[in-house]
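For reference, the chains in residue letters:
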Amino acid sequence: MSSVVHTDAHLNMLTHNLLFTISCFLGCSAEFYVIDDRIGLGREFDGIGGLSGGGATSRLLVNYEEPYRSHILDFLFKPNFGASLHILKVEIGGDAQTTDGTEPSHMHSKDEGNFFRGYEWWLMKEAKKRNPNIKLIGLPWAFPGWVGEGTQWPYFFPNVTADYVVTWIYGAKQHHNLEIDYIGVCICVYLSFTQVLRDTLDRVGYTNVGIIAADGDWSIAAAMLEDPYLNDAVEVIGVHYPGTKTVKEALLTEKKLWSSEDYSTFDDDIGAGCWARILNQNYVNGRMTSTISWNLIASYYENLSFGGDGLMTADEPWSGHYVVESPIWMTAHTTQFTQPGWFYLQTVGNLTHGGSYVALTDRKGNLTVVIQTMTHNHSQCIRPPLPHFDVSPQIATFQLKGSFAHLTDLQVWYSKLDFETKKDTLFQRSSPIKVYNGSFTLKLDVDEVYTITTVNTGQKGTYPESPNSRPFPKNYSDDFTIDNPPFSEAPYFADQTGVFEYFRNSTDNGSHAFTLRQVVTERPVTWARDADQTISIIGDYNLNVSCDVLIETPVTGGVFLAARIDQGGESVREAKGVFYWIYANGTYKVTNDIGGQRVLAEGLSGTREGVWYTLTLRIKGYFATGMLNGYPLWKNAVVLEPKNGWTALGTLSFEYAQFDNFEVNAE
């Protein structure tokens, strides 16, 4: 007598088949689809990627302690483990607000360069450690003010801008041994600047660095058809949120077509459905051979713009808590069984009763077929709007022809987003499927993904559960004393306007030898709206907060300490809270908004530039009190709203100022 042992995956599949049979009993009929390479191949597959930046979307990741930080990175980049991404696209920091914060430039001014600011260098190196073949892309969302030479437009002087971008590529190689594969060119300009950038790259020997243009919409395609020089300069036409559709002009260029920014959706199951659907349909409908997720990981404060977007969540470095969300496993269905350099077959398409399938080969005998049946209401991306379509249970028979006709069995990986029971099946390995007379049949239900493949190296990576979620520490302090810091940002601080960096004060041998300094002194060139004041946020709570502050600008300078900040990101100009300001002209002010229009209290403070002061802000209920060097300066200002929010520090304008001995004590 023999016995059969069923794994969880087998039991899930048996249950699935039983439920499918019941639901399909009255109306299902088999549809036939051919998988054949005899008629030639389709376009070359360029890979699936994630985007760190646009802006500051990986800010909190770098502050995770080990081993959790490495675990997160493995789920993103390690081959045959999690998302196993083929591409990492990063922001070339421009000192400006670009969605969820600012990222520092490698050149705050035209006379200096520093290739150790920010965390994108670190992230690229960590990705390369795990996958040496990962492709790297850089794109500037914004620029330091000097690039525009006072015009607030970075393309009046294309040679200056091109040199700025090429200097970043140089720094990546010389200081971090990173080879940059592609540079994106902004949607807003693509003609003269694209050509100047190509010439500059070639002149300094970066002939292998490709240009993605216009990294926005399809409009550059028509211009490329008219301008052979522009056509030669561009390697990839990159678009944002194309809704899986392309245009005929883009196809006529015969260039690579990428969805170079897509998804932008919460990392819940509907986000997973969105991602699974577009990974297939961007090629089926639009012949796009790469799709890049904005963003890579939700590693920024949740209440910022687009909080919770990403392929997974890691926004609590103080606790170590992170969540491997379902979009990670939707990614794995493609990335673990294909590689850049494979080719799509021409025999790909939409399923008769809804859904789609793609087939890819390495031209060495391997075959991977990815099938998705996501329903409309369970796969809507945040943008663009999704036209209605229907998906129903169906039976699909795939006929293997050409070099695949000899296959006798194939590996099976299966996912089901179950919106009724809330019990998903995610990236489960099932028993191999037998191929009879060159064909195999699948019973497809709604909201499923199958990978059918000859590749047998797939793996659902696991680590022990991350620590439990917990709020930002109620008692937290930082004296910013660190020599040769690995990152330029202080832990947990998220710059929203301006850039706050560790600073070693060579003129102070006392308690303020190491400080945090705001270093952007000229309004950046950016598409988003920086505030007129600089600001960096941290934590959350009704609290007491204190910080030592130093105004550096005579007469017109000023700094603030704040709490209950309710807006950041692209809305930072509208931020409300309790802002405690002191000025170099000897006055103070308490306002309910960052713009200083809603004044709660004001008067003389005796403050001036070049002197360290300790500011203390105490809030309880609707009342706030401020102290200067331990003595009350103002009392019981009435604050009706907001009731909670971030703590913050900042400056009156784009000016130098220093901060030290930051401390919060929450109720």
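Residues numbered from 1 in each chain as written. Predicted model: local features only at pLDDT ≥ 70, side-chain atom pairs only at ≥ 80, totals over all residues. Heavy atoms only, no water.

1. Overview of the confidence of the model for the protein chain
1) Next: Taken over all residues, the pLDDT of the protein chain has a mean of 94, while the share at 70 or more is 95%.
2) Next: In the model, residues 1–23 has pLDDT below 50 throughout and makes 27 contacts with residues more than four positions away in sequence or in other chains. (pLDDT = per-residue confidence, 0-100. Contact = heavy atoms within 4.5 Å.)

2. A word on the environment of Pro-79
1) Next: You can see Pro-79 is positioned in the loop between helix H2 (68–77) and strand S4 (87–91).
2) Next: In sequence terms Pro-79 and Gln-399 are 320 residues apart; their C-alpha atoms lie 30 Å from each other.
3) Next: Those residues within four positions of Pro-79 in sequence are excluded, and the remaining contacts are Ser-84, Arg-130 and Asn-131. (Helix = DSSP H or I, 4+ residues; strand = E, 2+ residues; numbered from the N terminus.)

3. A short note on unusual backbone geometry
1) Next: Here the amide bond leading from Glu-66 into Pro-67 is cis, since omega sits at 5 degrees, within 30 degrees of zero.
2) Next: Positioned with a positive phi, Asn-629 is a non-glycine residue whose angle comes to about 55 degrees.
3) Next: The exposure class assigned to Asn-629 is partly exposed, which follows from its relative accessible area of 40%. (Buried < 20%, exposed > 50% of the residue type's maximum accessible area, 1.4 Å probe, protein only.)

4. Re helix H3 (residues 120–130)
1) Next: Counting buried positions along H3 yields 8 of 11 residues, so the element is predominantly enclosed.
2) Next: All buried positions along H3 are accounted for by Glu-120, Trp-121, Trp-122, Leu-123, Met-124, Glu-126, Ala-127 and Arg-130.
3) Next: Summarising the contacts, the buried residues of H3 are in contact with strand S3 (47–52), H2, S4, strand S5 (135–139) and helix H4 (158–176).

5. What to know about the UniProt feature "domain: Glycosyl hydrolase family 59 central" (unreviewed entry) in the protein chain
1) Next: According to UniProt, the "domain: Glycosyl hydrolase family 59 central" (unreviewed entry) feature falls on residues 344–459.
2) Next: Along residues 344–459, the helical share is 0% and the strand share 46%, with 23 Å between the first and last C-alpha atoms. (UniProt positions renumbered as here; feature names shortened; annotations may be inferred.)

6. Description of the pairing of strand S21 (residues 448–453)
1) Next: S21 sits mainly inside the fold: 6 of its 6 residues count as buried.
2) Next: Residues of S21 alternate between two faces, with Glu-448, Tyr-450 and Ile-452 on one and Val-449, Thr-451 and Thr-453 on the opposite face, all of them buried.
3) Next: Of the strand pairs in this sheet, strand S16 (residues 367–372) and S21 are connected by 5 bridges, and their pairing is antiparallel. Looking across to S21, one finds that Val-370 is bridged to Thr-451.
4) Next: Two elements, strand S18 (residues 409–416) and S21, share 6 bridges in a ladder whose sense is antiparallel. Its bridge partner lying in S21, Tyr-414 is registered against Tyr-450. (Pairing = 2+ DSSP bridges.)

7. With respect to the layout of surface pockets
1) Next: Estimated volume of the largest pocket: approximately 660 Å³.
2) Next: If you go around the largest pocket, you meet 34 residues; those closest to its centre are Asn-114, Phe-116, Arg-117, Ser-488 and Glu-501.
3) Next: Mapped by element, the contributors of at least two residues to the lining of the largest pocket are H3, strand S24 (500–504) and strand S25 (514–518).
4) Next: Here the lining of the largest pocket gets 4 residues from one element, more than from any other, and that element is S24.
5) Next: Taken together, the residues that form the lining of the largest pocket break down as 17 nonpolar, 9 polar and 8 charged.
6) Next: When residues of the lining of the largest pocket are assigned to domains, at least three fall in each of domain 1 (45–334) and domain 2 (475–665). (1 Å grid on protein atoms, 1.4 Å probe; cavity = no way out; pocket = protein on both sides within 12 Å on 5 of 7 lines; lining within 4 Å. Points joined across faces, edges and corners; volume = space filled by probe spheres on them. Nonpolar A, V, L, I, M, F, W, Y, C, P; charged D, E, K, R; others polar. Domains from an automatic or database assignment.)

8. Observations regarding the domain arrangement of the protein chain
1) Next: With domains assigned, the protein chain is organised as domain 1 (45–334) and domain 2 (475–665).
2) Next: The centre of domain 1, based on its C-alpha atoms, is set 32 Å off from the matching centre of domain 2.
3) Next: Contact residues are listed per partner, giving 37 residues for domain 1 and 32 residues for domain 2.
4) Next: Buried surface at the junction of domain 1 and domain 2, summed over both partners, amounts to about 2700 Å²; 55% is from carbon and sulfur atoms.
5) Next: Three residues stand out in domain 1 for area buried against domain 2, namely Arg-59, Gln-97 and Tyr-301, and they jointly supply 24% of the buried area on that side.
6) Next: For the pair domain 1 and domain 2, the interface holds 1 salt bridge.
7) Next: Note that Arg-117 and Glu-501 form a salt bridge whose closest N and O atoms lie 3.2 Å from each other.
8) Next: Counting across the domain 1 and domain 2 interface gives 19 residue pairs in polar contact (both at pLDDT 80 or more). (Buried area = accessible area lost by both parts, 1.4 Å probe. Salt bridge = Lys/Arg side-chain N within 4 Å of Asp/Glu carboxyl O. Polar contact = N/O pair within 3.5 Å; in protein donor to acceptor, adjacent residues only side chain to side chain.)

9. Let's talk about the sheet that holds strand S1 (residues 30–35)
1) Next: The strand order across the open sheet formed by 3 strands is S1-S17-S20, and the pairing between neighbours is mixed. Either end of the sheet is taken by a strand with one partner, and the two such strands are S1 and strand S20 (439–444). The sheet shows a mean angle of 25 degrees between the axes of neighbouring strands, taken without regard to direction.
2) Next: Looking at chain direction, S1 and strand S17 (residues 394–400) are connected through 6 bridges and run parallel. Across the sheet, Phe-32 pairs through a bridge with Thr-397, a residue of S17. (Axes fitted to C-alpha atoms, helices over the stretch in contact; angles between N-to-C directions.)

10. Looking at the packing of H3 against H4
1) Next: Running from amino to carboxyl end, H3 crosses H4 at an angle of 60 degrees, the nearest separation of the two axes being 12 Å. Here H3 lies oblique to H4, going by the angle between them. Seen from above, H3 lies across H4 with right-handed handedness. From H3, Trp-121, Met-124 and Lys-125 reach across to H4, where they touch Trp-168, Gly-171, Ala-172 and His-176.
2) Next: Residue composition of the contact of H3 with H4, grouped by class: 4 nonpolar, 2 polar and 1 charged. (Parallel < 35°, antiparallel > 145°, perpendicular 65-115°, else oblique. Left-handed = near helix turned anticlockwise from the far one by under 90°.)

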